[in-house]
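Coordinate inspection notes
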Amino acid sequence: MSQDQELPIYERLGEQKLAAIVHGFYGRVPQDPILGRMYPPHDLAAAEARLCSFLIYRFGGPPVYLRERGHPRLRMRHLPFAIDQAARDRWLALMLESLREQQVAQDLCDYLERFLGDIATFLVNR
């Protein structure tokens, strides 16, 4: 499968599995020495809901994210956060741990690692 070819992520994983992946990630964040301080405890649940809604929309599910928040504008939304290479790498590592925990098929893991890695790199601003 080529790197450019988008897999039918939403159809293969479904909303519950995508939500479980995001939930697994956010379960790791508060204890993380790099990311924990970037996420205010009072906003963790809302941040989890936003990421889940974004991924569901981005991978072909219902466009709830667009209806509620409009265009993703990822760089603008993340500008207030100091995202350096270490934060990028840690974010991706925690997401990949959650993917493995959810036993996502290897071809999907490979695709998601590239996709999420590209987004994480795009958001580096320091």
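Residues numbered from 1 in each chain as written. Predicted model: local features only at pLDDT ≥ 70, side-chain atom pairs only at ≥ 80, totals over all residues. Heavy atoms only, no water.

Where charged atoms of side chains with opposite charge meet at close range, the side chains can pair. Within this structure, the stated rule accounts for six salt bridges. One salt bridge in this structure joins R28 and E101, with 3.0 Å as the shortest N-O distance. Of this pair, R28 sits in helix α1 (residues 9–28) while E101 sits in helix α5 (residues 85–101), and the two are 73 residues apart along the sequence. The network of salt bridges with common partners includes R28, E97 and E101. (Salt bridge = Lys/Arg side-chain N within 4 Å of Asp/Glu carboxyl O. Helix = DSSP H or I, 4+ residues; strand = E, 2+ residues; numbered from the N terminus.)

Summed over all chains, the structure comprises nine aromatic pairs. Aromatic rings pair up to connect F25, Y26, Y39 and W91 into one cluster. It is R75 that lies over the ring of F122; its NZ or CZ is 5.1 Å from the centre. (Phe/Tyr/Trp six-rings, centres within 6.5 Å; stacked < 30°, edge-to-face > 60°. Lys NZ or Arg CZ within 6 Å of the ring centre and 35° of its normal.)

Below, the discussion takes up α1. Compared with the 28 Å implied by 1.5 Å per residue over 20 residues, the 23 Å span of α1 between its first and last C-alpha is markedly short. At E15, α1 shows its maximal bend, which comes to roughly 70°. Looking at the buried residues of α1, the elements they touch are α2 (44–58), α5 and α6 (106–122). (Expected span 1.5 Å × (residues − 1). Bend = angle between axes of the 7 residues up to and from the residue. Contact = heavy atoms within 4.5 Å.)

Before going further, it helps to examine the confidence of the model for the protein. Taken residue by residue, the protein gives an average pLDDT of 93. The fraction at 70 or more is 94%. Averaged over each element, pLDDT in the protein is lowest for helix α4 (residues 74–78) (93) and highest for α5 (98). (pLDDT = per-residue confidence, 0-100.)

A few words on the side chain of Q102. With respect to the secondary-structure elements, Q102 resides in the loop between α5 and α6. What makes Q102 buried here is its relative accessible area of 19%. The contacts of Q102, once residues within four sequence positions are left out, are K17, A20 and I21. (Buried < 20%, exposed > 50% of the residue type's maximum accessible area, 1.4 Å probe, protein only.)

Once that is clear, we can look at the environment of G60. When you line up the elements, G60 lands in the loop between α2 and α3 (64–69). Taking C-alpha positions, G60 is 7.4 Å from I9, a pair spaced 51 residues apart along the chain.

Turning to the packing of α5 against α6, a few remarks are in order. Angle between the axes and distance between the axes are the two parameters that describe a pair of packed helices. Taken N-terminus to C-terminus, the directions of α5 and α6 make an angle of 155°; their axes are 10 Å apart at the nearest point. Taken together, the axis directions place α5 and α6 in an arrangement best described as roughly antiparallel. Relative to α6, α5 is oriented so that their crossing is right-handed. Packed against α5, whose contacting residues are R88, W91, L92, M95, L96 and L99, the element α6 presents C109, L112, E113, L116, G117, A120 and T121 at the interface. Considered class by class, the residues forming the contact of α5 with α6 number nine nonpolar, two polar and two charged. (Axes fitted to C-alpha atoms, helices over the stretch in contact; angles between N-to-C directions. Parallel < 35°, antiparallel > 145°, perpendicular 65-115°, else oblique. Left-handed = near helix turned anticlockwise from the far one by under 90°. Nonpolar A, V, L, I, M, F, W, Y, C, P; charged D, E, K, R; others polar.)

A few words on the nonpolar core. Membership of the largest hydrophobic core comes to 40 residues, with the highest contact counts inside it found for F25, Y39 and W91. For this core, the secondary structure elements donating two or more residues are α1, α2, α5 and α6. Excluding its chain neighbours within four sequence positions, the residues that come into contact with Y39 are F25, Y26, V29, L44, A47 and W91. (Core = buried A, V, L, I, M, F, W, Y, C linked by side-chain atoms within 4.5 Å.)

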